[in-house]
Amino acid sequence: MIVVMKNGATDEQIRGVVDRVRELGLKPHVILGTERTVIAAIGDKRDEHRQSLESCPGVAEIIPILAPYKVASLEVRPERTVVRVGPLVLGNSHIGVIAGPCSVESEEQTLATARAVKASGAAALRGGAFKPRTSPYAFQGLKEDGLKILAAARAETGLPVVTEVITPADVEVVAAYADVLQIGARNMQNYRLLEEAGQAGKPVLLKRGPAASAEELLLAAEYILNTGNHDVILCERGIRTFETHTRFTLSLATVVWLHERTHLPVVVDPSHGTGHSVLVGRMAAAAVAAGADGLIVEVHPTPERALSDGFQSLTFEQFGELMALCRKIADALGRTIDPARQSACEPSLTQ
């Protein structure tokens, strides 16, 4: 249920409700709004405690949460969450672009890509140091050496690093280097990993699994939110269907559907969603038109030589063209895609 506090409720009253929620065996999540504070009380026996909470000083009303995903729901937080990591801003009118190679292959390759994507307007650098691959014989990543290369690229360019963590045991080392922890599609329902990543104190980018429903994505996000980490970014990256002309089927309707149900920012991955570089630019523009809060795009100096996913990676020139096209769409919708313009905007409420 949602405990809605009165306008002007004191800190002492808020703490009193939080303490009472805990006494009842429920888990409190405090959400500070611009007008009032609400406290989500999560637990299996929440309905029977409604009268007990209604009598607490400072409480305006108690509202049941109907959605199975509680903290992620717009019922709990009607204001959009904005995730900010350096120049990367995701949410409301801001469109953050994350770009870089599928895999970190060398310092030269990564630094060259970081410089190029920043010059074209990217706000963050992506790159895989730990690579879960379908075949055990495929390139598995440089691991911690790859993380060090990403950190060097951040030091030179100022771009925050977004990189994947694939096991709970790796969370600590990845969090020591990364600014945003990515949970890949294969791990969307690895609940132990979701909890460990949530407790790392870094924003988490959660990709939808290829066979997962949008509601299952929100329930997976709930595992991260339930740790107290509210900086969760959802990612639509395509699902498996009977179609064969693309690697996956990129469902842009999911962006709109999610925005109707959750306050969390939603980014789109047109690289994995299509699997073909020739399709990436226009699907990225379509994602912006659909209201996506960000993009995550694979870029490589020489895609034909890439150790992974070269067929869906853009050249530097192609990425520049993608950004120019997406900027036109964003401008037409009154949205911001340029990191410099984003940083100049008034701060928005974030958790």
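Source: prediction; values computed, not measured.

Rules used in this analysis
- Residues numbered from 1 in each chain as written.
- Predicted model: local features only at pLDDT ≥ 70, side-chain atom pairs only at ≥ 80, totals over all residues.
- Heavy atoms only, no water.
- Helix = DSSP H or I, 4+ residues; strand = E, 2+ residues; numbered from the N terminus.
- Rg over C-alpha atoms; globule rule 2.2 N^0.38 Å.
- Buried < 20%, exposed > 50% of the residue type's maximum accessible area, 1.4 Å probe, protein only.
- Contact = heavy atoms within 4.5 Å.
- Areas by Shrake-Rupley, 256 points an atom, 1.4 Å probe, with all protein chains shown as cover.
- Lys, Arg positive; Asp, Glu negative; His and termini not counted.
- Charge placed at Lys NZ, Arg CZ, Asp CG, Glu CD.
- Pairing = 2+ DSSP bridges.
- Axes fitted to C-alpha atoms, helices over the stretch in contact; angles between N-to-C directions.

## Some remarks on the overall build of the chain
Along the backbone of the chain there are 12 helices and 14 strands. Against the 2.2 N^0.38 benchmark of 20 Å for 351 residues, the chain shows a C-alpha radius of gyration of 21 Å, consistent with a compact globule. When each of the 351 residues of the chain is scored for burial, the buried share is 55%. The long-range share in the chain, meaning contacts at least 24 apart out of those at least 6 apart in sequence, stands at 69%. Just so you have it, the chain exposes about 14600 Å², and 51% of that area is on carbon and sulfur atoms. Charged side chains in the chain number 36 positive and 41 negative. The centres of these two groups are separated by 2 Å.

## As for the sheet that holds strand 3 (residues 37-42)
Strand order in the open sheet made by the four strands is 2-3-1-4, with antiparallel pairing throughout. Where the open sheet ends on each side, the last strands, each with one partner, are strand 2 (27-32) and strand 4 (59-63). The mean angle between the axes of side-by-side strands here comes to 20°, regardless of whether they run parallel or antiparallel. Alignment of strand 2 against strand 3, held across six bridges, turns out to be antiparallel. Its bridge partner being in strand 3, Pro 28 is matched across the sheet by Ala 41.

## Examining the pairing of strand 1 (residues 2-5)
Burial along strand 1 is two-sided: the residues Ile 2 and Val 4 and Val 3 and Met 5 are all buried. Looking at chain direction, strand 1 and strand 4 are connected through four bridges and run antiparallel. Opposite Met 5, over in strand 4, you have Val 59 as the bridge partner. Note that strand 1 and strand 3 share three bridges and pair antiparallel. Directly across from Val 4, in strand 3, lies its bridge partner Val 38.

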